[in-house]
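Each chain, letter by letter, is given below.
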Amino acid sequence: KAFLYLAALQQGYTPLTEMKSEPTVFTYDNGKQYIPSNFGGHYAYDYITMQQAIATSDNIYAVKTIEQLTPKALADEARAVGITSPLQEVPSLALGASPVSPYEMAVAYSTIANKGQRVEPIAIEKIVDSDGSVLIEEKEQKTQVADPVASFLLTQMMQTVFEPQGTAHRVADRLN
């Protein structure tokens, strides 16, 4: 969902963009139906903001967002931040329907944390021989792939999962 919301923020959505959270049937690709639900069947049955959707992990808000942006826009954003696995461009992509590696997720989430700057991970920075001569040296490769303001806003909103109405509030006191 994080990559979806990053794409949305870059397309003009704000933390206050509202959508209704209620059971919804989505129709795509010439009549195929997709019926996502929220965990435990919990819905606001009212309009919620993007920030509230992130805090409560509202699936309906996410699928409505991908429906408006298109699955291709989400796949493009995911690729930009570091996902290299094939992504199925379907509505359920908003909820993480395509498998990706932990490595890819680390690169992609670090891109958001780095205010939209993707840094290619390197395992070995430098190899020096016994005489002190540098045999091999790798340099950081940084690329600005997302808007810094959108990345900052998303990072701030993702922290709301630890607030009292958020999905991770029960573990908030265990984290520093």
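Up top is the structure these notes are about.
Residues numbered from 1 in each chain as written. Predicted model: local features only at pLDDT ≥ 70, side-chain atom pairs only at ≥ 80, totals over all residues. Heavy atoms only, no water.

Undergrad: I would appreciate a short explanation of the side chain of S98 in the present structure.
TA: Inspection of the secondary structure assignment puts S98 in the loop between helix 4 (71-81) and helix 5 (102-113). Looking at S98, its side chain comes within polar contact range of the main-chain nitrogen of Q88, at 2.9 Å. Sequence-distant contacts of S98, defined by excluding residues within four places in its chain, comprise P86, L87, Q88 and L93. (Helix = DSSP H or I, 4+ residues; strand = E, 2+ residues; numbered from the N terminus. Polar contact = N/O pair within 3.5 Å; in protein donor to acceptor, adjacent residues only side chain to side chain. Contact = heavy atoms within 4.5 Å.)

Undergrad: Explain the packing of helix 1 (residues 2-10) against helix 3 (residues 59-69) to me, please; I cannot follow it from the model alone.
TA: For any two helices packed against each other, one specifies the inter-axial angle together with the distance between the axes. Packing of helix 1 against helix 3 leaves a shortest axis separation of 10 Å and a crossing angle of 50°. If you check the angle between helix 1 and helix 3, you find them oblique. In this structure, the crossing between helix 1 and helix 3 has a hand that is left-handed. Across the interface between the two elements, L4, Y5, A7 and A8 from helix 1 touch Y61, A62, T65, I66 and L69 from helix 3. (Axes fitted to C-alpha atoms, helices over the stretch in contact; angles between N-to-C directions. Parallel < 35°, antiparallel > 145°, perpendicular 65-115°, else oblique. Left-handed = near helix turned anticlockwise from the far one by under 90°.)

Undergrad: I keep staring at the packing of aromatic side chains and nothing clicks. Help me out?
TA: Each aromatic ring pair is summarised here by two numbers: the centre-to-centre distance and the angle between the ring planes. Here the structure, examined in full by the defined rule, presents three aromatic pairs. Arranged with centres 6.0 Å apart and planes meeting at 55°, the rings of Y5 and Y61 form a pair that is tilted. Taken together, the residues Y5 in helix 1 and Y61 in helix 3 connect sequence positions 56 residues apart. What makes Y5 buried here is its relative accessible area of 2%. Ring centres of Y43 and Y45 lie 5.7 Å apart, and the angle between their planes is 65°; on these two criteria the pair is classed as edge-to-face. (Phe/Tyr/Trp six-rings, centres within 6.5 Å; stacked < 30°, edge-to-face > 60°. Buried < 20%, exposed > 50% of the residue type's maximum accessible area, 1.4 Å probe, protein only.)

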